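Structural overview
Residue-level listing of the chains:
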Amino acid sequence: MKDVPNILWLEEIRKEDIISVGGKGASLGEMASIGLPVPRAFVVTAQAFRRFLVETGLEKKIFSSLENLDVEDNVALEKAADNAKNLVLKAKMPAAIRDDIKKSYKKMGDELIVAVRSSATAEDLPDASFAGQQETFLNIKGEAALVSSVQKCWASLYGARAIYYRAKQGFDDHTVNIAVVVQQLVHSEKAGVMFTSHPITGEPETIIEGSWGLGEAVVSGTVSPDKYVFDQRKETVTDTYIANKKVEIIADGDHGTKIAEVSKDRQDAQVLSDAEVAKLAMYGKIAENHYGVPQDVEWGVVAGTIYILQSRPITTIGKKEGKGMSQKSDAKVILKGQGAAPGIASGKVIIIRDVKDTGAVKEGDILVTRMTNPDMVPAMRKVAAIITDEGGMTCHAAIVSRELGTPAIVGTRNATNQLKNGQVITVDGEMGFVYEGEIAPKPSAQAPAAGQVVAVSAPIITATSVKVNVSIPEAAARAAATGADGVGLLRIEHLILGLNKTPSWYIVNNREEEFIKELHDGIKIVLDAFPGKPVWVRTLDAPTDEFRNMAGGENEPHEHNPMLGWRGIRRDLQSPDQFRLQIEAFKRLWKDGYENLGIMFPMVSHPEEFIVGKEMMRASGVDVENVALGIMIEIPASALMIEDFIRAGIKFASFGTNDLIQYTLAIDRNNENVADMYNPKHPAVLTLIHNAIQVCRAYNVECSICGQAGSDPKMATWLVEHGITSISANIDAIPKIREAVAKTEKRIILEAARTKDAE
Ligand code: PEP
Ligand code: MG
């Protein structure tokens, strides 16, 4: 560490240098290292700051003045902060550091205009951005101004808020450092955003939006941008839409930005040439390949040179940031429900009251129905969005829409009555709002300052596995593109219900082989997408009412409450033929060499069911001791008896909270009348989960979650704190779950280290 020079150029920086250059510097270095045209930059390293403190003799002075500070005493805190800041600002920067900064600045270009940004680091937490004030100075020109800005960034480490925060978090001031990024400021002549793959379908179609001036105009929705679609498979621009661009955002002298009118001749002119679109799409692909997931990229062009200003994983439109159309004052909300699958889409309403009418559904329509069922999946694939009267976050429409990447709103109560066929509406599947008319969505990114580069999120490695749920094999590629650590739940009933014939139909009609093949082939698609990673396939769990509409379903019993009825492992054990067909498909897959295939029994209520199921598999020739066999914890009984299940030989257990909540609280999960009471964080539910996790930990048995609650970052945080081994979430939730898991793990380590230090 001592040998780190005062200056590191972007090209020299690697992820591992984060301790010297902070998060911002490291992410810029990472982007540059993969060949993206990032605006030129160098970093004044954390070690340069240390040398400054030592050589000027400030280290002792500052630290002793902060040592016995009572940070709750505002006056004393402000005084100490001012004193420390002044010491840093007034000290003469050692000549060697100053010369290095000046030399590097000269190397960047003559009197280049730069942005100077601080980036705090700490020995035990390299990217300690929160531990220091994030000071930024834009439009800096000339050596003297640059040197003084660097010193101002250093001084910002001793802002009152930063000192207070560090004291409260138990940060040792001795270990906190600060790096300073000096970067060419890009005053884009044209700029915009790019989704490296289609943000909803995940198809290899790069979508680029661009307009004149700074990218802020596009990001903030101030202007309707041009839109370009680049097909990565055909390597060609397939769609160009030229908008009328009346205004642009440009730099306002040295002070921020202003909105200006676009000259008449440029208003309807095409912003990007085909060659520029292709080049941008290529950069997008590089970023996507490197980070392993589709990226949301900001770009700018100056004097014919394309710059990549920011790259981060595509996220859904965030509620908290107030993004999406809910902000649009002139947009009229005509209906509300539960946002079940994120995304925004406009289209014409088509109301489907009977599944036999789905033939009328056209590409791009908005499907409105009481509730979807497996027969509707082909139509669901075509539509731009889905709205249902009934259902909650775990109903058929919600699960399938999320996997198809189609925006969906469920539980609106009366969409089928309130909306009219042919009516044009816009659906916000995140917020659960339906708007009148066609409203263009805003991109999800936040407006950056001119030339700003925001940290790229490198692939996050977590000790807790973050897996993904899959229900339809065609979602396997999208699921794998998230970089998930495996599949924590593959529901086969969607696959089987999609066949439109019950397993008993295949048995009665001597068509067993067909059924086995369908099952084998469907599961194989998912296994192929996750080579070497665990894929837990759940045995059939379809309630009788879902079977009734299928061929062979005529004899399904009419149950008073199918949710509590003949489903899950209890039905398989009583219908050995149906179970046998599934086992046969699994056996063939193991024989094909898919050792990563694990089998999970749903709706178990007693260890005896697991024992009998396992014995039936053994009797069918499965090497049951050497394959991963586990259970879902969906019934309070199985949570309470987890130790007995472990003694019975389960290799893993996974919380099916969708059912666990409904059976613990007596709340029908699909009934919108009691949806308000459906509470994943109910103390009784949490107690069941907590206790079961502790038992699994004691026996070293993998404990996971695959219910919808695992897709909520707050719940994921709670689960990691309570010792869960893995979390399996919906495809769209993986980035935010991974982030929540990583943060929680870091915090736990940090707190443990602090406790140890204090002892
Ligand atoms: C659950 O109950 O949480 C679960 C994942 O299973 P399903 O939603 O298919 O009932
Ligand atoms: Mg369930």
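What counts and how
Counting restarts for each chain, with residues numbered from 1 along the sequence as it is written. For naming, the first written chain is A and the first written ligand is 1, with later ones following in the order written. Side-chain atom pairs in this predicted model are given and counted only at pLDDT of 80 or more, local residue features only at pLDDT of at least 70, and totals for whole chains, interfaces and linings cover all residues. Remark: hydrogens and water are excluded; side-chain values derive from all non-hydrogen atoms of the structure. Helix and strand definitions here come from DSSP, where helices need a minimum of 4 consecutive H or I residues and strands a minimum of 2 consecutive E residues; each element is numbered from the N-terminal end. Among buried residues, those of type Ala, Val, Leu, Ile, Met, Phe, Trp, Tyr and Cys that are joined through side-chain atoms within 4.5 Å constitute a nonpolar core. To sort residues, take the accessible area from a 1.4 Å probe on protein chains only and compare it with the maximum for the residue type: under 20% means buried, over 50% means exposed, and anything in between is partly exposed. Should any heavy atoms of two residues lie within 4.5 Å, those residues are counted as being in contact. When charges are tallied, Lys and Arg are placed among the positive residues and Asp and Glu among the negative ones, while His and the ends of the chain are skipped. Whenever a carboxyl oxygen of Asp or Glu lies within 4 Å of a side-chain nitrogen of Lys or Arg, that contact is scored as a salt bridge. Two strands are said to pair when DSSP picks up at least two bridges between them. The convention used is that axes are lines fitted to C-alpha atoms, helices contributing only their stretch in contact, and that angles between N-to-C directions extend from 0 to 180 degrees. Classification of ring pairs rests on two measures: the distance between centres of Phe, Tyr or Trp rings, Trp counted by its six-membered ring, which must be within 6.5 Å, and the angle between planes, read as stacked under 30 degrees, edge-to-face over 60 and tilted in between. The rule for a charge over a ring is simple: NZ of Lys or CZ of Arg within 6 Å of the ring centre, and within 35 degrees of the ring normal. We define a polar contact as two N or O atoms separated by no more than 3.5 Å, with the added condition that, inside protein, one atom must be a possible hydrogen donor and the other a possible acceptor, whereas residues neighbouring each other in sequence contribute only through side-chain atom pairs. The pLDDT score gives, residue by residue, the confidence of the prediction method on a 0 to 100 scale.

Attention shifts here to the environment of Asp-274. Within the secondary structure layout, Asp-274 lies in helix H10 (residues 274–291). Counting along the chain gives 119 residues from Asp-274 to Met-393, while the straight-line C-alpha distance between them is 42 Å.

Moving on to the nonpolar core. In this structure, Ile-523, Met-617, Ile-642 and Phe-655 are the most contacted members of the largest nonpolar core, which totals 104 residues. The dominant element in this core, judged by the number of residues it contributes, is helix H25 (residues 683–699), at eight residues. Once you skip the residues sitting within four places of it in the chain, Met-617 turns out to touch Phe-579, Ile-583, Phe-586, Trp-590, Ile-599, Phe-601, Val-622, Val-624 and Leu-629. Counting 46 residues, the second-largest nonpolar core is a separate cluster that includes Met-108, Val-147, Trp-154 and Tyr-158.

What follows concerns the side chain of Asp-389. Mapped onto the fold, Asp-389 is located in the loop between strand E18 (385–388) and helix H12 (396–404). The side chain of Asp-389 sits in the buried core without any salt bridge; Arg-353 is the nearest counter-charge, 6.1 Å away. In this structure, Asp-389 is in contact with Thr-369, Arg-370, Gly-411, Thr-412, Arg-413, Asn-414, Ala-415, Thr-416 and Glu-672, ignoring residues within four places of it in sequence.

Another point: the sheet that holds strand E28 (residues 702–705). The strand order E28-E27-E26-E25-E24-E23-E22-E29 describes an open sheet built from eight strands, whose pairing is parallel. Each of the sheet's edge strands pairs with one partner strand only, and the pair in question is E28 and strand E29 (726–729). Sheet twist, expressed as the average angle between the axes of neighbouring strands with direction ignored, equals 25°. Two elements, strand E27 (residues 652–655) and E28, share four bridges in a ladder whose sense is parallel. Looking at the pairing, Phe-655 lines up with Ile-705 of E28. Its contacts with the sheet put helix H20 (residues 576–591) on strand E24 (535–538) and strand E25 (597–601), and the angle it makes with E25 is roughly 160°.

This model, assessed by the stated rule, comprises 11 aromatic pairs. Measuring from ring centre to ring centre gives 5.3 Å for Trp-505 and Tyr-506, while their planes differ by 85°; the resulting arrangement is edge-to-face. Both residues of the pair, Trp-505 and Tyr-506, belong to the buried class. Pairing Phe-586 with Trp-590 gives two aromatic rings, centres 6.5 Å apart and planes at 65°, and the pair type is edge-to-face. Linking Phe-586 with Trp-590, this pair stays in helix H20, spanning four residues, or about one helical turn. Relative accessible area serves as the criterion here: at 0%, Phe-586 is assigned to the buried category. Grouped by ring-pair contacts, the aromatic residues Phe-49, Phe-52 and Trp-154 constitute a single cluster. Taking NZ or CZ as reference, Lys-467 lies 3.8 Å from the ring centre of Trp-536, over its face. A cation over a ring is seen here: Lys-501 above Trp-505, with NZ or CZ 5.3 Å from the ring centre.

Let's shift gears to the environment of Thr-426. Here Thr-426 shows up in strand E20 (residues 424–428). A distance of 2.7 Å separates a polar atom in the side chain of Thr-426 from a polar atom in the side chain of Ser-346. Within the local environment of Thr-426, its side chain forms a polar contact with the backbone oxygen of Gly-437, the two atoms lying 2.6 Å apart.

Chain-level statistics for the chain give a pLDDT mean of 87 and a share of 91% at 70 or above. Predicted confidence for residues 316–329 stays below pLDDT 50, and this span has 34 contacts to residues more than four positions away or in other chains. Segment residues 442–458 is flagged for pLDDT under 50; beyond a separation of four residues in sequence, or across chains, it makes 61 contacts in the model.

Moving on, we get to the sheet that holds strand E14 (residues 333–336). Backbone hydrogen bonds hold the strands of a sheet together, and the pairing may be parallel or antiparallel. The strand order E14-E21-E20-E16-E17-E18-E19-E15 describes an open sheet built from eight strands, whose pairing is mixed. If you trace the sheet from one side to the other, it starts and ends with E14 and strand E15 (338–341), each paired once. The mean inter-strand angle of the sheet, taken between neighbouring strand axes irrespective of direction, is 30°. In this sheet, strand E17 (residues 366–369) lies alongside strand E16 (residues 344–352) in parallel orientation, the contact comprising four bridges.

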